[in-house]
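# Structural characterization, general
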Amino acid sequence: MYQFFLDAWAALRLRFYPKTHYHYSLLIIVPVLLALGLINMANMSQLLGQQTGITVFILALTVLRWGILSKTMQVILGYYNKQPGQWYGYVLVTEALILPTIAMLYWPQALAMPGSLWLIWTMVVQAFGFVRISQQNIFKVALAYIIYFIVTSLAGGMLLFIFNTMGWLDINSMAQAFQQMLTIPAAETGIR
């Protein structure tokens, strides 16, 4: 785990290694994905409502996003440059950079601006790392991100459909929670 944190610290300072360097055991991958999933769940709980299947859905979606981003970058950037190794470890390191944003849940007003800047910086770090490690231009990385977004949207929709069909989630409850979340700020500000 120590090496994982060193790699994350290096990435924050825009210092990157070849893809083969970012190789981690399941004893690191599973806890990091679990922590990312729980943070995502905490951030999205207002949006999705309080249902028992939400936690499992968000955890599954987190793992799905990690896998899709890694594979998309491998396919798109690998098409232009056949480097050895996979992107799974690097994506895990750069996704883990959002872990400090858990503090935003406890102090939302005080940390709104620094938290937003932190999230922007982690996206810049990840994209810049893809460019540097793959030795490709930003347009190829942007193409991979666009494809990742499309595939993730489709896969996330299918996952939501499966969870709804199995009875683990209720899409109607989620829509009501989302609608209620939108009406509460309007009611507080007097906007109609």
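Here's a quick rundown of the structure. (Residues numbered from 1 in each chain as written. Predicted model: local features only at pLDDT ≥ 70, side-chain atom pairs only at ≥ 80, totals over all residues. Heavy atoms only, no water.)

## Things to note about unusual backbone geometry
- In this structure, Leu14 takes a positive phi of about 60° despite not being glycine.
- Checked against the element boundaries, Leu14 lands in the loop between α1 (2–12) and α2 (26–48).
- Residue class for Leu14 comes out partly exposed when judged on its relative accessible area of 26%.
- Despite not being glycine, Gln135 shows a phi value in the positive range, around 60°. (Helix = DSSP H or I, 4+ residues; strand = E, 2+ residues; numbered from the N terminus. Buried < 20%, exposed > 50% of the residue type's maximum accessible area, 1.4 Å probe, protein only.)

## Considering the nonpolar core
- Residues Phe4, Met73, Trp87 and Phe130 are the most contacted members of the largest nonpolar core, which totals 34 residues.
- Contributions of two or more residues to this core are made by α1, α2, α3 (54–80), α4 (88–95), α6 (108–134) and α7 (138–165).
- When residues in this core are grouped by element, the largest group, six residues, is from α3.
- In this structure, Phe4 is in contact with Tyr24, Ile28, Val32, Leu92, Val93 and Ala96, ignoring residues within four places of it in sequence. (Core = buried A, V, L, I, M, F, W, Y, C linked by side-chain atoms within 4.5 Å. Contact = heavy atoms within 4.5 Å.)

## A word on the packing of α6 against α7
- Where α6 meets α7, the axes come as close as 9 Å, and the angle between the chain directions of the two elements is 120°. Overall, the two elements α6 and α7 adopt an arrangement that is oblique. Every pair of crossing elements has a handedness; the one defined by α6 and α7 is right-handed. Contacts between α6 and α7 involve Gln126, Ala127, Phe130 and Val131 on the former and, on the latter, Ile138, Val141 and Tyr145.
- Along the lines of polarity and charge, the residues of the contact of α6 with α7 split into six nonpolar, one polar and no charged. (Axes fitted to C-alpha atoms, helices over the stretch in contact; angles between N-to-C directions. Parallel < 35°, antiparallel > 145°, perpendicular 65-115°, else oblique. Left-handed = near helix turned anticlockwise from the far one by under 90°. Nonpolar A, V, L, I, M, F, W, Y, C, P; charged D, E, K, R; others polar.)

## What about the packing of aromatic side chains?
- For the structure on display, the rule yields 13 aromatic pairs.
- Judged by centre distance (5.5 Å) and plane angle (70°), the ring pair of Phe57 and Phe163 falls under edge-to-face. Of this pair, Phe57 sits in helix α3 while Phe163 sits in helix α7, and the two are 106 residues apart along the sequence. Grouping residues by exposure puts Phe57 and Phe163 together as buried.
- Judged by centre distance (5.0 Å) and plane angle (70°), the rings of Trp87 and Phe130 are edge-to-face. Here the residue Trp87 occupies a position in the loop between α3 and α4, and Phe130 occupies one in helix α6, the gap between them amounting to 43 residues. Across this residue pair, the class does not change: Trp87 and Phe130 are buried.
- Here the aromatic residues Phe16, Tyr17, Tyr22, Trp87, Tyr90, Phe128, Phe130 and Tyr145 are joined through ring pairs into a cluster of three or more. (Phe/Tyr/Trp six-rings, centres within 6.5 Å; stacked < 30°, edge-to-face > 60°.)

## Some words on α7
- Its 28 residues give α7 an end-to-end C-alpha distance of 40 Å, which sits within 8% of 40 Å, the value for a rise of 1.5 Å per residue.
- Within α7 the residues assigned to the buried category are Val141, Ala144, Tyr148, Thr152, Ala155, Gly156, Leu159 and Phe163.
- Here the buried face of α7 lies against α3 and α6.
- The opening residue of α7, the one whose side-chain oxygen lies 3.0 Å from the backbone nitrogen of Phe139, is Asn137.
- The positive-phi residue at the C-terminal boundary of α7 is Gly167, with phi of around 85°. (Expected span 1.5 Å × (residues − 1). Polar contact = N/O pair within 3.5 Å; in protein donor to acceptor, adjacent residues only side chain to side chain.)

Just geometry here; none of it tells us what the structure is for.
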